[in-house]
Amino acid sequence: MGKVALEGLEFFAYHGYYEEEQKLGNKYEVNIEVDADLVKAAKEDVLSGTINYEAIYNIVREEMLVSSKMLEHVVGRIIKRSFDSFPEATGVKVELSKYNPPIKGVCRKAKVTMYKKR
């Protein structure tokens, strides 16, 4: 078993519970890990033996374009699409951070993390 991960993906998107957040937008960071058997890629040096991280990026990018009130909703969609796109995936972990969340205090970022096994 193994993981294919992308870390520090940055997006400007329009997620948030408050109407103003959906109008102004904000900076977000996504980290994603996809668990799978990577032995074939290790032995045979073939892309078909792994999870293509370019395809992972495209899933994340497309879902970040869909405005949502809750970060959990965005993360749930990313996980679902990852399982739909990669039948060989056995687990997916996604961390989604929002920079400077609208709270009455100093906070660099708020983060939601979800992990699901098949």
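In this text, all values refer to a predicted model and were calculated from it rather than measured experimentally. Along each chain, residues carry numbers from 1 onward, in the same order as the chain's sequence is written. Selection of residues for local features in this predicted model requires a pLDDT of at least 70, selection of side-chain atom pairs for listing and counting requires 80 or more, and totals for whole chains, interfaces and linings are taken over all residues. Calculated side-chain values reflect all of the structure's heavy atoms, with hydrogen atoms and water omitted.

Asker: Even after reading the chapter, I still don't get a nonpolar patch on the surface, so can you show me in this structure?
Answerer: Every patch collects residues that have over 30% relative accessible area and no salt bridge, joining them within 9 Å if they carry like charges and within 5 Å if they are nonpolar side chains (Val, Leu, Ile, Met, Phe, Trp, Tyr). Per-residue accessibility takes into account occlusion by the displayed protein chains alone, with areas from the Shrake-Rupley method and a 1.4 Å probe. For this analysis, a salt bridge means a side-chain nitrogen from Lys or Arg found within 4 Å of a carboxyl oxygen belonging to Asp or Glu. Together, Tyr17, Tyr18 and Met70 make up a nonpolar patch on the protein surface, roughly 370 Å² of accessible area in all. Following the sequence through the fold, Tyr17 ends up in the loop between β1 (2-13) and α1 (19-24). Secondary structure elements follow DSSP: runs of H or I of four or more residues count as helices, runs of E of two or more count as strands, with numbering from the N terminus.

Asker: Whenever I open this one, the pairing of strand β2 (residues 26-36) confuses me. Can you help?
Answerer: Counting buried residues along β2, nine of its eleven residues qualify, which places the element largely inside the surrounding structure. Bridge analysis of β1 against β2 gives ten bridges, and the strand direction is antiparallel. Across the sheet, Phe11 pairs through a bridge with Tyr28, a residue of β2. Sheet analysis places β2 next to strand β3 (residues 91-99), joined by eight bridges and oriented antiparallel. Note on β3: the bridge partner recorded for Val34 is Val92. Here's how the labels work: a residue is buried when its accessible area is under 20% of the maximum for its type, exposed when over 50%, partly exposed in between, all with a 1.4 Å probe on protein chains only. Should DSSP find at least two bridges between two strands, the strands are taken to pair.

Asker: Which parts of the structure should I look at to understand unusual backbone geometry?
Answerer: Peptide bonds are trans in most cases, and residues, glycine excluded, mostly fall at negative phi. In this structure, Asp45 is a non-glycine residue whose phi angle is positive, near 60 degrees. The backbone of Asn100 sits at a positive phi, close to 45 degrees, despite the residue not being glycine. As for its position among the elements, Asn100 is in the loop between β3 and β4 (109-117).

Asker: How do you make sense of the packing of aromatic side chains when you look at a structure like this?
Answerer: A ring pair, where both rings are aromatic, is described by two values, the distance of the centres and the angle of the planes. Two rings belonging to Phe, Tyr or Trp (six-membered ring only in the last case) form a pair when the distance between their centres is within 6.5 Å. Interplanar angles under 30 degrees mark stacking, angles over 60 mark edge-to-face geometry, and anything in between is tilted. Under the counting rule described, the total for this entry stands at three aromatic pairs. Measuring from ring centre to ring centre gives 5.9 Å for Phe11 and Tyr57, while their planes differ by 25 degrees; the resulting arrangement is stacked. Of this pair, Phe11 sits in strand β1 while Tyr57 is found in helix α3 (residues 53-64), placing the two residues 46 residues apart along the sequence. Phe11 gets classed as buried once you look at its relative accessible area, which sits at 11%. Note on Tyr57: relative accessible area 31%, which makes it partly exposed. Taking 5.6 Å as the distance between ring centres and 80 degrees as the angle between the ring planes, the aromatic pair formed by Phe12 and Tyr14 counts as edge-to-face. On the accessibility criterion, Tyr14 (36% relative accessible area) is partly exposed. By definition here, charges over rings are those cases where NZ of Lys or CZ of Arg is within 6 Å of the ring centre and within 35 degrees of the ring normal. The ring of Tyr99 has Lys27 lying over it, and the distance from NZ or CZ to the ring centre is 4.8 Å.

Asker: Looking at this structure, how should I read the nonpolar core?
Answerer: What tends to happen in soluble globular proteins is that the nonpolar side chains get buried as a cluster. For this analysis, a nonpolar core means a set of buried residues of the types Ala, Val, Leu, Ile, Met, Phe, Trp, Tyr and Cys, connected via side-chain atoms within 4.5 Å. Within the largest apolar cluster, 28 residues are counted, with the highest numbers of intra-cluster contacts made by Val30, Ile32, Ile56, Val60, Met64, Val94 and Leu96. Those elements giving two or more residues to this core turn out to be β1, β2, α3, α4 (71-85) and β3. It is α4 that contributes the most residues to this core, six residues altogether. Contacts are assigned to residue pairs that have any heavy atoms within 4.5 Å of one another. With sequence-adjacent residues up to four places away left out, Leu96 is seen in contact with Tyr28, Glu29, Val30, Met64, Leu71, Val74, Val75, Ala110, Lys111 and Val112.

Asker: When you look at the pairing of β3 in this model, what are you seeing that I'm missing?
Answerer: Every other side chain in a regular strand lies on the same face of the sheet, so the side chains alternate between the two faces. The buried fraction of β3 amounts to eight of the nine residues, a majority that puts the element mostly inside the structure. As judged from the nine bridges shared by β3 and β4, these two strands associate in the antiparallel manner. Residue pairing in the sheet places Glu95 in a bridge with Thr113 of β4.

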